[in-house]
Structure formats: C-alpha cells, structure tokens
Amino acid sequence: MKASRVRFGVNLMPQLWAGGPVKSGAALMIHRSRLLRRMADGGIDHVMVGDHVMFHGGVGNDGLVDAASVVTATDELGVYLAVYLLVLRHPLLVARQILTVAQFAPGRLALGLGIGGDDRREVIASGVDPATRGRRMDESLGLLRRLLAGETVTHEGEYFSLDRARLRPVPEQPVPLVVGGRSRAALRRAGRLGDGWLGIWTSATDCAEAIATVEEHAADAARSDVDWKHGMTVWCGFGSDRAEARGRVAPAMEGLYRTPFDKFECYVPHGTVDDVAEFVAPFVEAGCTTLNFIPLAGSDEAGIDAVAEVRALLRK
C-alpha cells in the first residue's frame, strides 16, 4: 500500500473526555473552528469523532450528533466516526441519522462500527444484554446496509422487526461501514457485512493477518467487488523524547480506561514525530488505507501539527 493513498485523521477526544478543561458555547465553537482550520491547512483528511453514552465515570458524546456538528462547520474535512456503538441503538433510527448527516456532507462521512464492552455498565444501562452484542450487531448491521441502500425492508428477527421500512433520500456515494473489533467474530462480520476492518491495539503483523482473514471471509460470502477501507486507530504521545511523550499519553489513557498504561504501551507509539512515523509505517504496508490518530502533545494544536508531520514523513 502506498502512503499517498492513505487518509489521515485526528481525534482530540482525550482533552474532552480524560480530565481536560470542558469548553461550551461560543468558546467551544471558536476553539473548534481554529482546530479544523489547522487540520485542513496541515493536510489532514478527516476529523475522527468517538461515540459513548456513559463511559467510565459518565463521559462521552453522541457520535452522529458530533459528526453533524463537524461536517456543517467545514466543507474541507471529512468525518470518521469510530467506533459507533450500533448495538445500543435501533438500526432504522441510526440509518435515518446517517442519511441526514450525509445530506450535509456527500462523500465526507465514514463510520467504524463496534459492539462496545470496555465498560459493560454502558451496555447494560442502554437496555442491552452484553451477551447478545455479537448477534445483535450482525442483525443490525445487515439491516442498516439495506436501509442505507434504499431497499424496502421487511424483517422479523431475533431483535428487530420491520414492515416495509424504506428511507429516502439515499446518497449517491454510499457511506462506508467499517467493522471494528479484534475477535474472530468481528473479523468474520467485517468480511461478510463491512467495507473494511478497523483495528486498535494490535501489531502490524497481526493487522496484516486480520486484513487477510477479513478478505477471506468476504470471498467465502462471494463478495469480490468490495473497495476495501481497512484502517487503524492509533493512540500516540508526542514530545522531545520518549519519556516526555509517555508522560502525556499514559495519564490520559489510564484516566479514560481505568487500566494501567503497561497494558497498552507496546501498541502506543510515543516519542518524537520520527518515532511515531517509524511505528506506523508497517501498518501502511499491511494494507491500511486509513490511519486515525489520537494524539497527546503539549496542546491540541501541537497534536495536529505532529500528525501532519507524520503524514509528510510517510508520504516522502
């Protein structure tokens, strides 16, 4: 895979979710507008936004609402929502929301879809039995694809029932639905129902193996014409050296996930821009066409600039 074909995204979630100052109103709009301009000027392709209802301690944001706020604030950047917790919602309502956002930004919206579970209380509080997430996801994703394609859908399943449901208008450019997850079931789901696979916290070797497995499942399902959009989400820390960078990314991840950084460290590049670029390059070789960065640097602006430098190094 050539780096020139890779799309680069930036997610500034930690400053909102992991103990950073919370902005609202005019201050938030001005700050966000400045950051979006910096991303566009730096050659970043899209803004990555997250999705949680009540993650550890109650933090989160509604991913599709956030996506709508971004696409209406810029006509230059795309939005990559990852991962959207589809299993917590009804697929008909999600399809309508996706189509609404897509009207504002044709061709600029992509979704990574997941089943959640890092905080099971979030799943339970949403009225979903965690043990049913996989089956619910398969059924929901199958319905979502049909609804987004404009089909008239009649369905009686384990979790959802639809009678001649149909949504309009359908976008000329389909919204990519990329499946996240590291389990065998997630890889099978990505191959049979997705437009790609989205990884996180894995090695480049395992990433390449996952992509190969996804495409094997697609072949088994007679899906030979998929325009694959495989990707990786990469938490990273930037600083003048590894110690400074680690001191930035480790507290943010520990605060959000309530897990020691040692559990993540081998999958989280931290150091100089060169260090992060060297870590990420093998994922491009493995077949990733999307790299979503969650950067921790001295400031939001410094994180954006650092990812822009990584992009420039990989494209040389």
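Residues numbered from 1 in each chain as written. Predicted model: local features only at pLDDT ≥ 70, side-chain atom pairs only at ≥ 80, totals over all residues. Heavy atoms only, no water.

Asker: Break down empty space enclosed by the protein for me, with residues and values.
Answerer: Within this structure, the stated rule accounts for one cavity of 30 Å³ or more. Its volume calculated, the largest cavity comes out at about 40 Å³. Looking at the largest cavity, the residues that line it are Trp201, Thr202, Met232, Thr233, Val234, Trp235, Tyr267, Phe279 and Phe283. Listed by contribution, the elements that provide at least two residues to the lining of the largest cavity are strand S11 (231-238) and helix H10 (273-286). Ranked by residues supplied to the lining of the largest cavity, first place goes to S11 with four residues. (1 Å grid on protein atoms, 1.4 Å probe; cavity = no way out; pocket = protein on both sides within 12 Å on 5 of 7 lines; lining within 4 Å. Points joined across faces, edges and corners; volume = space filled by probe spheres on them. Helix = DSSP H or I, 4+ residues; strand = E, 2+ residues; numbered from the N terminus.)

Asker: For the packing of aromatic side chains, give the residues involved together with the corresponding values.
Answerer: Tallied over the full model, the rule gives seven aromatic pairs. Ring centres of tryptophan 201 and phenylalanine 264 lie 4.9 Å apart, and the angle between their planes is 50 degrees; this geometry places the pair in the tilted category. One end of the pair, tryptophan 201, is in the loop between strand S10 (197-200) and helix H8 (204-220); the other, phenylalanine 264, is in the loop between helix H9 (242-257) and strand S12 (270-271), with 63 residues separating them in the sequence. Judged on exposure class, the residue tryptophan 201 and its partner phenylalanine 264 are both buried. (Phe/Tyr/Trp six-rings, centres within 6.5 Å; stacked < 30°, edge-to-face > 60°. Buried < 20%, exposed > 50% of the residue type's maximum accessible area, 1.4 Å probe, protein only.)

Asker: Any chance you could break down helix H2 (residues 25-41) for me, citing the residues and the numbers?
Answerer: In this model H2 runs 25 Å from its N-terminal to its C-terminal C-alpha over 17 residues, within 8% of the 24 Å that 1.5 Å per residue would give. By the burial criterion, the buried members of H2 are His31, Arg32, Leu35, Leu36 and Met39. Each buried residue of H2 lies within a common arc of 135 degrees when the element is viewed along its axis, so the set occupies one face. Residues of H2 that are exposed and point over 90 degrees away from its buried face: Ala26, Met29, Ile30 and Asp41. Along its buried surface, H2 packs onto strand S1 (7-10), strand S2 (46-49), helix H3 (63-71) and helix H11 (300-315). Glycine 43, located one to two residues past H2, shows a positive phi value of around 85 degrees. (Expected span 1.5 Å × (residues − 1). Arc of directions from axis to C-beta. Contact = heavy atoms within 4.5 Å.)

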